[in-house]
Amino acid sequence: AVHFLDYVRTNAPDVFADCRYAGVDASQDACENFHARVRDAHGAVASAVVADARSEWTLPADFQDESCPTVVFALELLDNLPHDKVRNGFEGWVVDGREDFRPAADAWVRRALALDEPVAGDAFVPTGCLQFLGRVFEGAPRPRLFLADFSELPRPTGRDATAANAPLVAAADRDLDSYLEACGDADIFFATDFDWLAKAYASAGGVGGVTAVPPAEFFARSPDLAAETATRSGFNPMLEDFWNTRIFLASGRGV
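Model, not experiment: these values are computed from the prediction.

### Section: the packing of aromatic side chains
Applying the stated criterion across every chain, the model contains 11 aromatic pairs. Judged by centre distance (6.2 Å) and plane angle (70°), the ring pair of Tyr-201 and Phe-248 falls under edge-to-face. Here Tyr-201 is found in helix α6 (residues 194–203), whereas its partner Phe-248 is found in strand β12 (residues 245–250), with 47 residues between them in sequence. Every member of this aromatic cluster is reached through a ring pair, and the members are Phe-4, Tyr-21, Phe-34, Phe-73, Phe-146, Phe-218 and Phe-219. Note that Arg-9 overlies the ring of Phe-16, its terminal NZ or CZ placed 6.0 Å from the centroid. Positioned above the aromatic ring of Trp-93, the side-chain terminus of Arg-102 is 4.3 Å from the ring centre.

As structure tokens, this is what we get:
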């Protein structure tokens, strides 16, 4: 955040003059650290919001001005947001460590299923992504999105391997067989279907241009920016690596 604002102040001082930067995080400590560091570097620019990215939160009042667009950066957020497992259109519940599938009653599961063709067999649907987009559109009148995440991940080999969009589940020292084995000490992460994300964006109220491009294509648009990401050896990770990621750009409602 500090370096981003440094860049804006240097390269777009007119934008920086009216800029506000809010950080949303579930961690109180992270928000306090963010607020202190950005406040020390950039005065009154910073605001911190303590909340899960998909749950109840509200941006500060000065983000509600429809004449000023809000740019939302979410880097590797979507892959860690909750998904719901469904089977032939039934939603999954975990009862005593076992899966139980019931008629889909949860509103977010039903919305996720409605955005795609009927799911046959097992699948993990991105309900947390829908909640995140809903909160963004409720909190900012004209949000513009810059979301970067994995478009592909290695295929899991555990019990969920045959499910569509199955997650990778890993503890610090080993891969786990299923999300059912994750008890607070594991990372559960998913690839993002960016075509589905475009539909989810539209269903949340987004209009205007939407695109999802590899980092190499995004950074190659600006030769000066691409040059800044090169290493001393000449290797440029933003142009030559990260093949399994995409940057999702959306211009926002009414823009």
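### A look at the sheet that holds strand β6 (residues 98–103)
Spatially, β6-β5-β4-β7 is the arrangement adopted by the 4 strands of the open sheet, whose pairing is antiparallel. The open sheet has two edge strands, β6 and β7 (122–125), and neither has a second partner. Taken over all neighbouring pairs, the strand axes of this sheet differ in orientation by 40° on average, direction set aside. Relative to strand β5 (residues 90–95), strand β4 (residues 84–87) runs antiparallel, the two sharing 2 bridges. Considered in β5, the bridge of Arg-87 is made with Phe-90. Contacting β4, β5 and β7, helix α4 (residues 107–114) runs over the sheet at an angle of about 65° to β4.

### Observations regarding a nonpolar patch on the surface
There is a patch of nonpolar side chains on the surface, built from Phe-4, Val-71, Phe-73 and Leu-75 and spanning about 360 Å² of accessible area. Here the nonpolar patch gets 3 residues from one element, more than from any other, and that element is strand β3 (residues 70–75). The residue Phe-4 is located in helix α1 (residues 2–11) in this model. Using a relative accessible area of 33% as the deciding quantity, one classes Phe-4 as partly exposed.

### Observations concerning the pairing of β12
Buried residues dominate β12, accounting for 5 of its 6 residues. The pairing of strand β8 (residues 143–150) with β12 spans 6 bridges and is antiparallel. Paired with Leu-147 across the strands is Phe-248, a residue of β12. Sheet topology places strand β11 (residues 210–213) next to β12; 4 bridges connect them, and they run antiparallel.

### So, the pairing of β7
Both faces of β7 are covered, namely the face carrying Asp-122 and Phe-124 and the face carrying Ala-123 and Val-125. Bridging between β4 and β7 involves 4 bridges; their strand directions are antiparallel. In the strand pairing of β7, Lys-85 is matched with Phe-124.

### Here's the deal with the sheet that holds β12
Backbone-to-backbone hydrogen bonds join strands into a sheet, with any given pair of strands oriented parallel or antiparallel. Overall, mixed pairing links the 4 strands, which are arranged β3-β8-β12-β11 in an open sheet. In this open sheet, the two edge strands, each paired with only one partner strand, are β3 and β11. The sheet shows a mean angle of 10° between the axes of neighbouring strands, direction not considered. Contacts between helix α5 (residues 127–139) and the sheet are confined to β3 and β8, with β8 contributing the most and set at about 155° to the helix.

Thresholds, definitions, all that
- Residues numbered from 1 in each chain as written.
- Predicted model: local features only at pLDDT ≥ 70, side-chain atom pairs only at ≥ 80, totals over all residues.
- Heavy atoms only, no water.
- Phe/Tyr/Trp six-rings, centres within 6.5 Å; stacked < 30°, edge-to-face > 60°.
- Helix = DSSP H or I, 4+ residues; strand = E, 2+ residues; numbered from the N terminus.
- Lys NZ or Arg CZ within 6 Å of the ring centre and 35° of its normal.
- Pairing = 2+ DSSP bridges.
- Axes fitted to C-alpha atoms, helices over the stretch in contact; angles between N-to-C directions.
- Contact = heavy atoms within 4.5 Å.
- Patch = residues over 30% accessible without salt bridge, like charges linked within 9 Å, V, L, I, M, F, W, Y side chains within 5 Å.
- Areas by Shrake-Rupley, 256 points an atom, 1.4 Å probe, with all protein chains shown as cover.
- Salt bridge = Lys/Arg side-chain N within 4 Å of Asp/Glu carboxyl O.
- Buried < 20%, exposed > 50% of the residue type's maximum accessible area, 1.4 Å probe, protein only.

Remember, this is a structural readout, not a statement about activity or role.
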